[in-house]
Amino acid sequence: MSEKTYDVAIIGYGPTGATAANLLGQLGLDVLVVERDSDIYQRARAISTDEEVLRIWQAVGLADRLQRDMLPDRPVAFVDAHGVPFIETTITSRGSGHPPQQFLYQPAVDRVLRAGVARFPNVEVLLEHEAVQTVNGAEHVTLVLASADGSRTVRARYVIAADGGSSPTRGRLGVGYSGTTYAERWVVIDTKVHREWDAHDRLRFHCNPSRPTVDCPTPLGHHRWEFPARADEDTATLVSHDSVWKVLSEQGITEDHVDVLRAVVYSHHVRVADRWRVGRIFLAGDAAHAMPPWIGQGMSAGVRDVANLCWKIAAVLRGQISEPLLDSYEAERKPHVIEVTRRAVFVGRVITERRPMIAALRNHSLRALTKLPGVLAGGQKLYWIPDARYREGFFVRTGRRSYRNRQSAAGWQIPQPRVVDRITGATVRLDQILAGRWILLHLGDPPVGAAAWSTIGVPILQIGGEIGDHDGTLTAWLRGKNAAALVIRPDGFVYAAAASGRPLPPPPCQVTDPIRMLTRDGVRT
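Residues numbered from 1 in each chain as written. Predicted model: local features only at pLDDT ≥ 70, side-chain atom pairs only at ≥ 80, totals over all residues. Heavy atoms only, no water.

Under an unreviewed UniProt entry, the name given to the protein is Bifunctional 3-(3-hydroxy-phenyl)propionate/3-hydroxycinnamic acid hydroxylase, and the source organism is [Mycobacterium] kokjensenii.

Shown next as structure tokens:
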């Protein structure tokens, strides 16, 4: 068949690929999605996400629909062998405008994301097609697609490979996937709930040295248990009816409570691709990294990847910024993923401690420590999801000392409080005003240097003027970062900041078409 050239081809149609298709479809690009399976994968893999990911899905108009099928803000408990908590908490919000912890049923999420893609006539989806060849060229990537009907060749100016941890694309590119696979196997039991029980609606880590178990609520009438297999336990026996029900009965669960949908055995991986970009091909999601499930960030990390990447690809394709911008994708995302993985491994070690004396010391010390004021919320900053902040990448820092100072706003994601849109008088989430554009926000008078941004079409909005900060959240955040003005990127991260009385850094030197720069549709606003 004759070749067709797309702006972007996405290989893989899980949550990472489907989010990318929504983002790029909304940006008006000509997109092809290639997926080898015929339908959504029905086994629930990911079971939780967070407020920052919902904020990304909000950007494509799907957050409210997705949240209807989620369980928000469930308690989290680490319990001892007797079921008594030594840590009991709920996850604290960091200001992204959505519940900070959401439990989900992944097939339901996949359905909503794919329905979102169907809104865009500029996105073509090919199910039951496999990309069997991807060849980088100077101007495009050539893809050979195989299906039951034969082969087809297409071209794309860029490719996002979101084809999973075993990524054939990564293998063909010869990119290493460094890290560790844990020897310990884990059994996952997914169930359908018939009758609820005490604590059915909370996440419990049973830190029992003899059999650590994760007891996790999932919405739409589902529930999951996970536990490690001992070295002498046979895989087939572990997933047998009798073995599964022996574990569930130890949790007080009977056949009156649940039906077992499936039981499977898998291993945890800690891996990161050596490179996330090869020419015009980018790795995202599990193709770029794998982590243990302890803080529920495997799927979420992939969604964050494409939220970082897609607006950059669009800006380059439109000639708004030069192509080296795309190198900032790995520079920004990889350190964050590594830190998330480190925390997931740490939480896993707390849960799976097998030495009874060490476990007893853990239980006693943490039970006492968490009674102190502020420890529960403060501890989350150390072991749960790290801040939405980039330490290297496409933003301006005003000196090494400022870069190391947490008060510097550059590289941070701005919070999303509800604000008043003074044009309409409506109270809305901040991102409804930002609208995926570059925007200059300021307190007081416009900063020195604002004219350079206005000249290239970046809107300038005053907090307290066009934006009503009725509860003071935005003002307090800026002042906490010693900033009176910010330039916000389309993904909500701060490109540049200036203190009161200080000049704002100019637009990036990579700009190749300044008049059309950096608005969502390439049209000056």
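Novice: I would appreciate a short explanation of the nonpolar core in the present structure.
Specialist: Burial of nonpolar side chains together is a common tendency in soluble globular proteins. Residues Trp57, Phe78 and Ile160 are the most contacted members of the largest nonpolar core, which totals 119 residues. No other element matches the 13 residues that helix H8 (residues 298-317) contributes to this core. Residues within four places of tryptophan 57 in sequence aside, it is in contact with Thr19, Thr49, Leu62, Ala63, Leu66, Met70, Val109, Leu113, Met299 and Val303. The next biggest cluster of nonpolar side chains, apart from the first, holds 22 residues, and it includes Val428, Leu430, Ile433 and Leu461. (Core = buried A, V, L, I, M, F, W, Y, C linked by side-chain atoms within 4.5 Å. Buried < 20%, exposed > 50% of the residue type's maximum accessible area, 1.4 Å probe, protein only. Helix = DSSP H or I, 4+ residues; strand = E, 2+ residues; numbered from the N terminus. Contact = heavy atoms within 4.5 Å.)

Novice: Just to check I follow, could you spell out the sheet that holds strand S20 (residues 418-421) for this structure?
Specialist: Within a sheet, each strand pairs with its neighbour through backbone hydrogen bonds, oriented either parallel or antiparallel. Pairing is antiparallel in the open sheet, where 3 strands are placed in the order S21-S20-S24. Edge positions in the sheet fall to strand S21 (426-429) and strand S24 (467-468), since each has one partner strand and no second. Here S20 pairs with S21 via 4 bridges, running antiparallel. From the neighbouring strand, valine 419 faces S21, where its bridge partner is valine 428. (Pairing = 2+ DSSP bridges.)

Novice: Help me out: how do you make sense of helix H7 (residues 241-250) in this one?
Specialist: At 3.6 residues per turn, the α-helix brings residues three or four places apart onto the same side. Within the sequence span of H7, burial applies to Val244, Trp245, Val247 and Leu248. Here the buried residues of H7 occupy an arc of 155° about the axis, which is enough to place them on one side. Exposed and oriented more than 90 degrees from the buried face of H7 are Asp242 and Lys246. (Arc of directions from axis to C-beta.)

Novice: Help me out: how do you make sense of the packing of aromatic side chains in this one?
Specialist: Geometry of an aromatic ring pair is reported as the spacing of the ring centres plus the angle between the planes. Scanning all chains against the criterion turns up 15 aromatic pairs. Look at tryptophan 186 and tryptophan 294: their rings are 4.9 Å apart centre to centre, the planes differ by 70°, and that puts the pair in the edge-to-face class. Of this pair, tryptophan 186 sits in strand S12 (residues 177-193) while tryptophan 294 is found in the loop between strand S19 (289-290) and H8, placing the two residues 108 residues apart along the sequence. The two residues tryptophan 186 and tryptophan 294 agree in class, both being buried. Ring centres 6.1 Å apart and planes at 80° place the aromatic pair phenylalanine 394 and tryptophan 438 in the edge-to-face group. Taken as a pair, phenylalanine 394 in the loop between helix H11 (375-383) and helix H12 (400-404) and tryptophan 438 in the loop between helix H13 (430-434) and strand S22 (439-442) lie far apart in primary sequence, 44 residues in all. Site record: aromatic cluster; members linked through ring pairs are Trp311, Phe394, Trp438, Trp453 and Tyr495. Sitting over the face of the ring of tyrosine 177, arginine 170 holds its NZ or CZ atom 3.6 Å from the ring centroid. (Phe/Tyr/Trp six-rings, centres within 6.5 Å; stacked < 30°, edge-to-face > 60°. Lys NZ or Arg CZ within 6 Å of the ring centre and 35° of its normal.)

Novice: For this particular structure, what's the right way to read the pairing of strand S2 (residues 31-35)?
Specialist: Two faces, one strand: in a regular strand the side chains alternate between the faces of the sheet. Burial analysis of S2 places 5 of its 5 residues in the buried class, the great majority of the element. The side-chain alternation of S2 yields two buried faces, one formed by Val31, Val33 and Glu35 and the other by Leu32 and Val34. Across 4 bridges, the pairing between strand S1 (residues 5-11) and S2 is parallel. Bridge pairing links isoleucine 11 to valine 34 in S2. Each parallel crossover has a hand, and for S1 linked through helix H1 (residues 15-26) to S2 it is right-handed. (Right-handed = clockwise from strand over helix to strand, strands pointing away.)

Novice: I'm lost on the pattern of salt bridges in this one. Help?
Specialist: A side chain with one charge may pair with a side chain of the opposite charge, provided their charged atoms come close. Following the criterion strictly, the structure yields 27 salt bridges and no others. The salt bridge involving glutamate 52 is made with arginine 94; its shortest N-O contact spans 2.9 Å. Of this pair, glutamate 52 sits in helix H2 (residues 51-59) while arginine 94 sits in the loop between strand S6 (85-89) and strand S7 (101-103), placing them 42 residues apart in sequence. Here arginine 94 falls in the partly exposed class, since its relative accessible area comes to 28%. A salt bridge links arginine 342 to glutamate 339, with the shortest nitrogen-to-oxygen separation between them at 2.7 Å. A residue pair is termed a helical-turn pair when its members lie 3 or 4 positions apart in one helix, as arginine 342 and glutamate 339 do in helix H9 (residues 328-351) at 3 residues. Glutamate 339 sits in the partly exposed class, given a relative accessible area of 24%. A single salt-bridge network, built from bridges that share partners, covers Asp50, Glu52, Arg94, Arg304 and Asp387. (Salt bridge = Lys/Arg side-chain N within 4 Å of Asp/Glu carboxyl O.)

Novice: In this structure, what is going on with the sheet that holds strand S4 (residues 71-72)? I would like to understand it.
Specialist: Reading across from one edge, S3-S7-S4 is the order of the 3 strands in this open sheet, with antiparallel pairing throughout. Each edge of the open sheet carries a strand with a single partner, namely strand S3 (48-50) and S4. Note: S4 against S7, 2 bridges, orientation antiparallel. Bridge pairing in S7 places leucine 71 opposite phenylalanine 103. Here H2 sits on the sheet and contacts S3 and S7; the angle it forms with S3, its principal contact strand, is near 80°. (Axes fitted to C-alpha atoms, helices over the stretch in contact; angles between N-to-C directions.)

Novice: Would you mind showing me how to read the environment of valine 458 here?
Specialist: Considering the arrangement of structural elements, one finds valine 458 in the loop between helix H14 (450-455) and strand S23 (460-462). Along the primary structure valine 458 and isoleucine 488 are separated by 30 residues, whereas in three dimensions their C-alpha atoms are 9.9 Å apart. Ignoring any residue separated from it by four or fewer positions in sequence, one finds valine 458 in contact with Trp438, Ile439, Leu440 and Trp453.

Novice: Please explain the side chain of threonine 370 as it appears in this structure.
Specialist: Tracing the chain through its elements places threonine 370 in the loop between helix H10 (356-369) and H11. In terms of polar contacts, threonine 370 uses its side chain to reach the backbone carbonyl oxygen of phenylalanine 86, at 3.4 Å. From its side chain, threonine 370 meets the backbone oxygen of arginine 367 in a polar contact 3.3 Å long. Apart from residues lying up to four places away in sequence, threonine 370 is in contact with Phe86, Ile87, Val375 and Leu376. (Polar contact = N/O pair within 3.5 Å; in protein donor to acceptor, adjacent residues only side chain to side chain.)

Novice: Explain the side chain of serine 300 to me, please; I cannot follow it from the model alone.
Specialist: Structurally, the position occupied by serine 300 is in helix H8. With near-sequence residues (within four places) excluded, serine 300 lies in contact with Ser48, Thr49, Asp50 and Val53.

Novice: It is not clear to me how helix H15 (residues 473-480) should be interpreted in this structure. Could you clarify?
Specialist: Looking only at H15, the buried set comprises Leu474, Thr475, Trp477 and Leu478. Buried residues in H15, looked at end-on, bunch into an arc of 165°, giving them a common side. The exposed set on the far side of H15, more than 90 degrees from its buried face, consists of Ala476 and Arg479. Lining the buried residues of H15 we find S20, H13, S24, strand S25 (485-488) and strand S26 (494-498). Phi turns positive one or two residues past the end of H15, at asparagine 482, with a value near 55°.

Novice: What should I look at first to understand the packing of H1 against helix H4 (residues 106-117) in this one?
Specialist: Between two packed helices, both the angle of their axes relative to each other and the distance between the axes serve to describe the pair. Running from N to C, H1 and H4 cross one another at 25°; their axes reach a closest spacing of 9 Å. On the basis of their axis angle, the class for H1 and H4 is roughly parallel. Classified by chirality, the crossing of H4 by H1 is left-handed. For the pair H1 and H4, the contacting residues are Pro15, Ala18, Thr19, Ala21 and Asn22 in the first and Gln106, Asp110, Leu113, Gly116 and Val117 in the second. Broken down by class, the residue content of the contact of H1 with H4 amounts to 5 nonpolar, 4 polar and 1 charged. (Parallel < 35°, antiparallel > 145°, perpendicular 65-115°, else oblique. Left-handed = near helix turned anticlockwise from the far one by under 90°. Nonpolar A, V, L, I, M, F, W, Y, C, P; charged D, E, K, R; others polar.)

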